[in-house]
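Residue-level structural notes
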Amino acid sequence: MTTEPQRRRASVSDVARRAQVSVGTVSNVLNRPDRVSPATRERVLAAIDDLSFVPNGSARQLRAGTITTVGAIVLDIANPFFTDVARGIEDRLARDDYTLMVASSEEDPERESRYLRLFEEHGVRGVMVVPATDRVDHLLALRERGVGVVLLDRPAPTPDLSSVAVDDVRGGELAAQHLLDQGHTRVAFLNGPHSIRQCADRLRGVEHALAAAGLDPAEHLTEITLPSLNADGGEAATRALLAREDRPTALFCVNDLAALGALRTLRREGVDVPGEVAVVGYDDVAFAAELATPLTSVRQPTHLLGERAADLLLRGRDAVAEQVVFQPELVVRASSAGDRA
Ligand code: RIB
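Presented here is a report on the structure given in the accompanying data block. (Residues numbered from 1 in each chain as written. Predicted model: local features only at pLDDT ≥ 70, side-chain atom pairs only at ≥ 80, totals over all residues. Heavy atoms only, no water.)

What to know about the sheet that holds strand β8 (residues 250-253)
Taking strand neighbours across the sheet as the criterion, the six strands line up as β7-β6-β8-β9-β10-β12 in an open arrangement whose pairing is mixed. Edge strands, defined here as strands with exactly one partner in the open sheet, are β7 (221-225) and β12 (329-331). Strand after strand, the sheet turns through a mean of 20° between neighbouring axes, direction not considered. For strand β6 (residues 187-191) and β7, the ladder comprises five bridges, and the chain directions are parallel. Bridge pairing in β7 links Phe189 to Glu223. (Pairing = 2+ DSSP bridges. Helix = DSSP H or I, 4+ residues; strand = E, 2+ residues; numbered from the N terminus. Axes fitted to C-alpha atoms, helices over the stretch in contact; angles between N-to-C directions.)

Take a look at the structure:
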């Protein structure tokens, strides 16, 4: 099997040598063609064509001081919550002719760091990050190196960093209070790792609601950590809960994907929803209302989260940091309301 020699990507210097001009002349042909004589311009364009030269956009943007790319790192772009947030970012960036590059950290701090390094090397204007850990020192250092930083989907732990988030403590309270109002006293919370601030805050909200109702979380709350923050994780956790003697009568899920998995398992096991087990999700993504048993969910203003984060980033590095917090809203549907068995 013959292997093609890896062709080196032609550089500006290769083009200059081929056209017998300076690198600056090649740059002028690319960026300020009016400054180059037609004959020289033709010779340079012929060399670009011969060498299949592709200008390095980042290098050009860096030289011209017109960096027009922004990076975003979310936990999982396959989660429609983050897709909707990314769309909000993109819509705001487009108004100023910026482009967006999105990556998923998969809740892995190492993967997050690799993408941050890639974005920095690419010369992005700034990054919006849904942190995979509680640490932000690496983000403060990035900002000190001149890359704009906005925390997304979690409040900044320091006034020096801008952030856009939703009050997840309140979101957990809304979900738990609703289930208590329906008469549930054995609640399971299908949660993510507490290293993710959203997950820790939602649990705090659930505990606040139970305490306000005079119920000891140690007796009335079962927290189960999802193996993954998606439908497969929700299915696995629900199977484990159904196998328990003290089966919970209500499942609060850390996001709608996990709730989708819980509903799948409950339907497969013939468990009536909400008659035997009520289910509440979080995010209120588009599919929540369309399910066979429409899902009660804690709504986040997803598109607005993205828009505001992009807005804060484009204000510039010298702008005073701002921490924006939106309020969640409980949307009640059939998966938790109605007659209990
Ligand atoms: O998956 C993690 C969750 O955190 C998302 O669904 C969204 O709720 C974010 O805040």
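As for the packing of aromatic side chains
The full count for this structure, using the stated rule, is four aromatic pairs. With centroids separated by 4.6 Å and ring planes inclined at 10°, the aromatic side chains of Phe189 and Phe252 adopt a geometry described as stacked. One end of the pair, Phe189, is in strand β6; the other, Phe252, is in strand β8, and 63 residues separate them in sequence. By relative accessible area, which is 1% here, Phe252 ends up buried. Of the aromatic side chains, those joined through ring pairs into one cluster are Phe189, Phe252 and Tyr282. In this structure, Arg202 packs its charged tip against the face of Tyr282, placed 3.6 Å from the ring centre. (Phe/Tyr/Trp six-rings, centres within 6.5 Å; stacked < 30°, edge-to-face > 60°. Buried < 20%, exposed > 50% of the residue type's maximum accessible area, 1.4 Å probe, protein only. Lys NZ or Arg CZ within 6 Å of the ring centre and 35° of its normal.)

A short note on the sheet that holds strand β2 (residues 99-104)
Backbone hydrogen bonds are what pair the strands of a sheet, in a parallel or an antiparallel way. Spatial strand order, β2-β1-β3-β4-β5-β11: six strands in an open sheet with parallel pairing. Here the strands that pair on one side only, and so sit at the sheet edges, are β2 and β11 (323-326). Sheet twist, expressed as the average angle between the axes of neighbouring strands with direction ignored, equals 15°. Contacting β1 (69-74), β2 and β3 (126-129), helix α6 (residues 109-122) runs over the sheet at an angle of about 180° to β1. Contacts between helix α13 (residues 302-314) and the sheet are confined to β1, β3, β4 (148-152), β5 (162-166) and β11, with β5 contributing the most and set at about 170° to the helix. (Contact = heavy atoms within 4.5 Å.)

What to know about the site of the ligand
All residues adjacent to the ligand are Leu75, Asn79, Phe81, Phe82, Asp153, Gln198, Arg202, Leu229, Asn255, Asp283 and Gln300. Contacts to the ligand include Asn255, whose side-chain N or O atom sits 3.0 Å from an oxygen atom. In the model, an oxygen atom of the ligand is placed 3.1 Å from a nitrogen or oxygen of the Gln300 side chain. Contact with the protein chains covers 99% of the free accessible surface of the ligand, which is 280 Å². Sorting the residues of the shell around the ligand by element identifies α5 (80-94) and α9 (197-212) as the ones contributing at least two each. Its residues assigned to classes, the shell around the ligand comprises four nonpolar, four polar and three charged. (Near = heavy atom within 4 Å. Polar contact = N/O pair within 3.5 Å; in protein donor to acceptor, adjacent residues only side chain to side chain. Areas by Shrake-Rupley, 256 points an atom, 1.4 Å probe, with all protein chains shown as cover. Nonpolar A, V, L, I, M, F, W, Y, C, P; charged D, E, K, R; others polar.)

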